[in-house]
Amino acid sequence: MRGQALIDKLGDRIAGLRGRITPNAEMDKITWFRAGGLAEALFQPADEEDLAEFLRAVPEDVPLMVVGVGSNLLVRDGGIAGFVVRLSAKGFGEAEVIGPTSIKAGAATPDKRVAAVAYEAGIGGFHFYHGIPGAVGGALRMNAGANGVETRERVVEVRALDRKGNVHTLSNADMGYAYRHSSAPSGLIFTSATFEGTLQDQAEIKAAMDAVQNHRETVQPIREKTGGSTFKNPEGTSAWREIDKAGCRGLMIGGAQMSPMHCNFMINTGTATGYDLEYLGETVRARVLEHSGIRLQWEIKRLGDFRQGHAVQEFLGQLL
Ligand SMILES: Cc1cc2nc3c(=O)[nH]c(=O)nc-3n(C[C@H](O)[C@H](O)[C@H](O)COP(=O)(O)OP(=O)(O)OC[C@H]3O[C@@H](n4cnc5c(N)ncnc54)[C@H](O)[C@@H]3O)c2cc1C
């Protein structure tokens, strides 16, 4: 099998690693969409030192990418070549209070856990993480935000490893934040970060967290197989509004649907493939472009290769 051949080829170079290596890993078991092909190999490092050793061992011509808990990912059906790195909760999943208003969290810590730790310590400004289903690494990369707050407003410093296993410390400015975007070099793997909030009464924090959860329950299909907001909000309007105006609420292709509840959320109704999801997304982009002249930009990250004969063109190839 393809993945085992890659592992065999690296042989002794990776034999001493303490983390888990899985050949031909099923990405549909990882992504929230529960769709997509195989990763040639998956590596779950035991800790940062193990990750650094792995990065030093794997030649640079072997493709490598990192994923978090997959709540913002669409993996294509042809799968992902090379290694996918996923940080383990054991080695990277701790969050601790390190000052009156400061928190340090490993990159595999669920955002919800960061919110809980902040609440327990009476540190305000993290309630928005209570509603975001990702982990810290994904939040740092995506500048995750909700309820009028973004990750960039809380980040002080980020620790990361580069493709050669060297450690880097990035300041908030180094992260180059914009709306749902960081321009930090794409090869970096974030391993932990420190965050700063403000002192706040616990009852107020709790009320804010409850409000976040209640709001989500009523307006978002959070119990479905979804990837959250499919498209970024265009300047001056909302993605969902434009999708609705273009008649795409509830639109279905194969097993993929634009949620009738929140039409900027794509859902896998049960049998959707990566192809169905991406084809639906590009259909929506094409229809919105035709209807209002707006070019929606994907917020969801699309990874991997198309299955042969099932490529999907941007805007379905509509002349731009
Ligand atoms: C129901 C639902 C609701 C959502 N609501 C919101 C919301 O309100 N606001 C919001 O912003 N998002 C929302 N999302 C999207 C998603 O939860 C966020 O983008 C989240 O930050 C992604 O984190 P993740 O761990 O799942 O990352 P993944 O989806 O696994 O990866 C996302 C990106 O982060 C990169 N990445 C992950 N870990 C690391 C790391 N350690 N180092 C470097 N790069 C890394 C990946 O390479 C990829 O590019 C929602 C998703 C769902 C399913």
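In this numbering scheme, every chain counts its residues from 1 along its sequence in written order. Reporting of local features is limited, given that this is a predicted model, to residues whose pLDDT is at least 70; pairs of side-chain atoms are given and counted only at 80 or more, and all residues count toward the totals for whole chains, interfaces and linings. Heavy atoms throughout the structure, all of them, feed into the side-chain values; hydrogens and water do not.

Going by an unreviewed UniProt entry, the protein carries the name UDP-N-acetylenolpyruvoylglucosamine reductase and comes from Mesorhizobium amorphae CCNWGS0123. UniProt positions are given in the numbering used here, feature names are shortened, and annotations may be inferred rather than shown by experiment. Checking UniProt for the protein, the heading Pathway (unreviewed entry) contains the comment "Cell wall biogenesis; peptidoglycan biosynthesis." Looking at the protein in UniProt, the text filed under Cofactor (unreviewed entry) is "FAD".

Chemist: What exactly am I supposed to notice about the site of the ligand here?
Modeler: The full set close to the ligand counts 33 residues, and Val 66, Gly 68, Ser 71, Gly 145 and Arg 216 are the nearest of them. Between the ligand and Ser 71 there is a distance of 2.6 Å, counted from an oxygen atom to a side-chain nitrogen or oxygen. Under the rule applied, a polar contact is a pair of N or O atoms within 3.5 Å (in protein, one hydrogen donor and one hydrogen acceptor; residues adjacent in sequence only if both atoms are side-chain atoms). Contact between the ligand and Asn 72: an oxygen atom at 2.8 Å from a main-chain N or O atom of the residue. Here the accessible surface of atoms and residues is derived via Shrake-Rupley with a 1.4 Å probe, and residues count as covered only by protein chains that are part of the display. In isolation the ligand exposes 970 Å². Once the protein is present, 94% of that is buried. Going along the chain from the N terminus, every DSSP run of H or I of four or more residues is numbered as a helix, and every run of E of two or more is numbered as a strand. Of all the secondary structure elements, the ones that give two or more residues to the shell around the ligand are strand E3 (64–67), helix H6 (136–142), strand E9 (145–146), strand E15 (189–196) and strand E17 (225–229). Being near a molecule or strand, for a residue, comes down to having at least one heavy atom within 4 Å of it.

Chemist: Whenever I open this one, the sheet that holds strand E6 (residues 95–99) confuses me. Can you help?
Modeler: To summarise the sheet geometry, strands pair through backbone hydrogen bonds and adopt either a parallel or an antiparallel arrangement. Taken in spatial order, the 5 strands of this open sheet run E6-E7-E15-E11-E12, and their pairing is antiparallel. Strand pairing shows two members of the sheet lacking a second neighbour, E6 and strand E12 (167–171), which therefore form its edges. Between one strand axis and the next, the sheet turns through 20° on average, direction left out of account. Contact definition: two residues touch when any of their heavy atoms are within 4.5 Å. Only the stretch in contact is used when fitting a helix axis, every axis being a line fitted to C-alpha atoms; angles between N-to-C directions are given from 0 to 180 degrees. Against the sheet, helix H5 (residues 111–121) makes contact with E6 and strand E7 (102–106), and its axis sits at roughly 155° relative to E7, the strand it touches most. Pairing between two strands requires that DSSP report at least two bridges joining them.

Chemist: How do you make sense of the domain arrangement of the protein when you look at a structure like this?
Modeler: Where the parts come together, the accessible area they lose is often given as the size of the interface. What the domain assignment reports for the protein is domain 1 (2–90), domain 2 (92–205) and domain 3 (222–317). Of the residues lining the interface, 23 residues belong to domain 1; the matching set on domain 2 comes to 19 residues. Once two parts are put together, the accessible area they lose, assessed with a 1.4 Å probe and summed over both, is termed the buried area. In this assembly, domain 1 packs against domain 2 so that about 1600 Å² is buried in total across both faces, 63% of it on carbon and sulfur atoms. Per-residue buried area on domain 1 facing domain 2 is highest for Glu 48, Leu 55 and Leu 87; these three make up 35% of the total on that side. Note on definitions: salt bridges are taken to be side-chain nitrogens of Lys or Arg within 4 Å of carboxyl oxygens of Asp or Glu. For the interface between domain 1 and domain 2, the tally reads 2 salt bridges. One salt bridge connects Arg 159 with Glu 48, and the closest N-O pair in it is separated by 2.6 Å. In this document the domain limits rely on a domain assignment from an automatic tool or a database.

Chemist: What should I look at first to understand helix H9 (residues 274–292) in this one?
Modeler: Here the expected length of a helix is defined as 1.5 Å per residue gap, with one fewer gap than residues. An ideal rise of 1.5 Å per residue puts 27 Å on 19 residues; H9 measures up with 27 Å between its terminal C-alpha atoms. Remark: Gly 293 follows H9 within two positions and exhibits a positive phi of approximately 75°.

Chemist: What exactly am I supposed to notice about the side chain of Asn 264 here?
Modeler: Considering the arrangement of structural elements, one finds Asn 264 in the loop between strand E19 (256–258) and strand E20 (265–268). Three labels apply to residues, based on accessible area from a 1.4 Å probe with only protein chains included: buried if under 20% of the type maximum, exposed if over 50%, partly exposed otherwise in between. Accessibility expressed as a relative area gives 2% for Asn 264, which makes it buried. Here Phe 231 takes part through its backbone oxygen, which lies 2.9 Å from a polar atom of the side chain of Asn 264. Every residue in contact with Asn 264, bar those within four places of it in the chain, is listed here: Gly 228, Ser 229, Thr 230, Phe 231, Ala 239, Trp 240, Ile 243 and Met 258.

Chemist: Is there a simple way to think about the layout of surface pockets in this case?
Modeler: Over the atoms a probe the size of a water molecule is rolled, and this reveals where empty space is left. The space that makes up the second largest pocket amounts to roughly 190 Å³. Secondary-structure elements contributing two or more residues to the lining of the second largest pocket are helix H4 (89–92), E6, E7 and E15. Considering each element in turn, the lining of the second largest pocket owes the most residues, 3 residues, to E7. In this classification, Asp, Glu, Lys and Arg are treated as charged, Ala, Val, Leu, Ile, Met, Phe, Trp, Tyr, Cys and Pro as nonpolar, and every other residue, Gly included, as polar. Considering only residue class, the lining of the second largest pocket consists of 3 nonpolar, 4 polar and 5 charged. Every definition here rests on a 1 Å grid over the protein atoms only: cavities are sets of points where a 1.4 Å probe fits but cannot get out, pockets are open sets enclosed by protein on both sides within 12 Å along at least five of seven lines, and lining residues have some atom within 4 Å of a point. Grid points are joined across faces, edges and corners, and a volume is the space filled by probe spheres set on the points.

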